[in-house]
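These are the residues of each chain, in order.
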Amino acid sequence: MKIKQFLPLPVILAFAGLPVVVQAAPLVSIGDNVDVFFRGSSSVQWQSNVFYDEADEQDDIKFTVSPGFEVNVGRGLSDLDLSIITRYDIIRYDQLSDLDNELFHLKAISSYKSSRWDVDGLVSYDEDQSSGKDGNANQKGKINESESIRANLNGEYRLSPKFSVGSGVNYSDKQYQDQESLADRESFKIPVDIFYELTPKVDLSVGYAYTATDVSGTKLGNTLIGSYDKEEHFFNVGARGDLLPKLAGFFKVGYRTFDSDDSSKSVGGVPTSINRDSRGTMGLDASFTYSATPKLTTALNLHRGFGVGGEGQETTTTTANLTASYSINSYYSARANFGYTLREYETNDREDNVYSTGFRLSYVPNRYWRLSAGYNYNQNDSSAQGQSYEAHMVDLSASLR
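The shown structure was predicted, so the numbers you read here are calculated from the model rather than taken from an experiment. (Residues numbered from 1 in each chain as written. Predicted model: local features only at pLDDT ≥ 70, side-chain atom pairs only at ≥ 80, totals over all residues. Heavy atoms only, no water.)

### Concerning the side chain of Ser362
Here's step 1: Within the secondary structure, Ser362 is located in strand β21 (residues 351–363).
Here's step 2: Given the relative accessible area of 9%, Ser362 is considered buried.
Here's step 3: For Ser362, the residues in contact, after removing those within four places along its chain, are Tyr331, Tyr332, Ser333, Arg370, Leu371 and Ser372. (Helix = DSSP H or I, 4+ residues; strand = E, 2+ residues; numbered from the N terminus. Buried < 20%, exposed > 50% of the residue type's maximum accessible area, 1.4 Å probe, protein only. Contact = heavy atoms within 4.5 Å.)

### Concerning the pairing of strand β14 (residues 247–260)
Each regular strand carries side chains that alternate between the two faces of the sheet.
Here's step 1: Sheet topology places strand β13 (residues 228–244) next to β14; 14 bridges connect them, and they run antiparallel. By the bridge assignment for β14, Gly241 is matched with Gly249.
Here's step 2: What sits between the antiparallel neighbours β13 and β14 is a turn of two residues.
Here's step 3: Bridge count between β14 and strand β17 (residues 279–291): twelve bridges; the pairing is antiparallel. Bridging across to β17, Tyr255 finds its partner in Met282. (Pairing = 2+ DSSP bridges.)

### What about the packing of aromatic side chains?
Here's step 1: Taken as a whole, this structure holds twelve aromatic pairs when the rule is applied.
Here's step 2: Judged by centre distance (5.1 Å) and plane angle (40 degrees), the rings of Tyr208 and Phe235 are tilted. Pair noted here: Tyr208 is in strand β10 (residues 202–215) and Phe235 is in strand β13, with a separation of 27 residues, a long-range link.
Here's step 3: You can call Tyr208 partly exposed: its relative accessible area is 28%.
Here's step 4: Through successive ring pairs, a cluster of aromatic residues spans Tyr331, Tyr332 and Tyr363.
Here's step 5: Positioned above the aromatic ring of Phe234, the side-chain terminus of Arg256 is 3.8 Å from the ring centre. (Phe/Tyr/Trp six-rings, centres within 6.5 Å; stacked < 30°, edge-to-face > 60°. Lys NZ or Arg CZ within 6 Å of the ring centre and 35° of its normal.)

### Some points on the pattern of salt bridges
Here's step 1: Within this structure, the stated rule accounts for 13 salt bridges.
Here's step 2: With a closest N to O distance of 2.7 Å, Arg39 and Glu70 form a salt bridge. In this pair, Arg39 is assigned in strand β2 (residues 34–47) and Glu70 in strand β3 (residues 60–73), connecting sequence segments 31 residues apart.
Here's step 3: By relative accessible area, Arg39 is classed as partly exposed at 32%.
Here's step 4: The buried category is assigned to Glu70, whose relative accessible area is 7%.
Here's step 5: Across the salt bridge formed by Glu70 and Arg401, the nearest N and O atoms sit 3.2 Å from each other. Taken together, the residues span a long stretch of sequence, with Glu70 in strand β3 and Arg401 in the segment after β23 (389–400) at a distance of 331 residues. (Salt bridge = Lys/Arg side-chain N within 4 Å of Asp/Glu carboxyl O.)

### What about the sheet that holds strand β16 (residues 270–274)?
Here's step 1: The four strands are arranged β11-β12-β15-β16 in an open sheet whose pairing can be described as antiparallel. The open sheet has two edge strands with one neighbour each: β11 (218–220) and β16. The sheet shows a mean angle of 20 degrees between the axes of neighbouring strands, direction not considered.
Here's step 2: Bridge analysis of β11 against strand β12 (residues 223–225) gives three bridges, and the strand direction is antiparallel. Within the sheet, the bridge partner assigned to Leu220 lies in β12 and is Thr223. (Axes fitted to C-alpha atoms, helices over the stretch in contact; angles between N-to-C directions.)

Functional significance is not addressed by these values, which are geometric in nature.
See below:
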């Protein structure tokens, strides 16, 4: 088979030949401030339900080889740090060879810190391949391909020892490839926050965020749904820092509203329209880390807000993700996770309950290598016919920096 001819060389290179590169860390240094590192990984993953299809489950083995590089700028500089990370995923399936693909990823992360300013920036480009495992964009018997661009610039300025203000611009653009039934979306977000230092370890905040999203039209069989724009507002209060002796993180809680344009709809050539009402709901963004012991750390992320479904539907989403990490010794560590998402679709009665859980064991023999094995389970309990599924995944991976 094609995969059996392709696999040996990259796997041998990733698992055997690359230690030669490890002798130099970094791989290349340019001048006094630039370091270049090699970043590579290989994985083998068994999937019980490749297409996340309730009626027709197909299992297969997926092989991925991902060579890449990281360029760090800022060694020896006190204020500036810049990292450029690139990766090229070579994906091959054992049986479903028509899903074979190659995906490019590029990301630049920068930060600047001074006595009054903290500024962080990110620009990224990603080619993705997904079955829509969150139940939001899964197409029966198909793998969705998309291109995503993100650009974020956020900063915080200290006005005084007690007060600071933060703001920024966050842009994202997701374009599906050869999928008329999935909606492209482009959005930008402008947050503004004022922080007050309550104690040396805790800041209180009051904030507002404005988000504008442009959702493209879709074609579902003989049904055409036109594009629309929506605007979202989030008024919030919160806190950040060391909230309790062993609990650190932040939370923002408040009220979200959105307004959407009406859009056209045509069923079998008969025109009609979709009336999109304004809505409001409680809003929440939170991330907490609890250090129970020097070896055991747990993290909880929470979110409630509005979203866009795979076919362009308006949604209200509630998400909770819990992870626990345990350091067994200096070489071995274990990690377990549980996630839940409730997605309520506004233009129909559809409701999805998405569950995910898994665990991973990692072995780090030195500062260059990481070997790991893991298991993940995903389930979507959907009120929409044909959108429920169960999927199991087992993988082995190795990474090198």
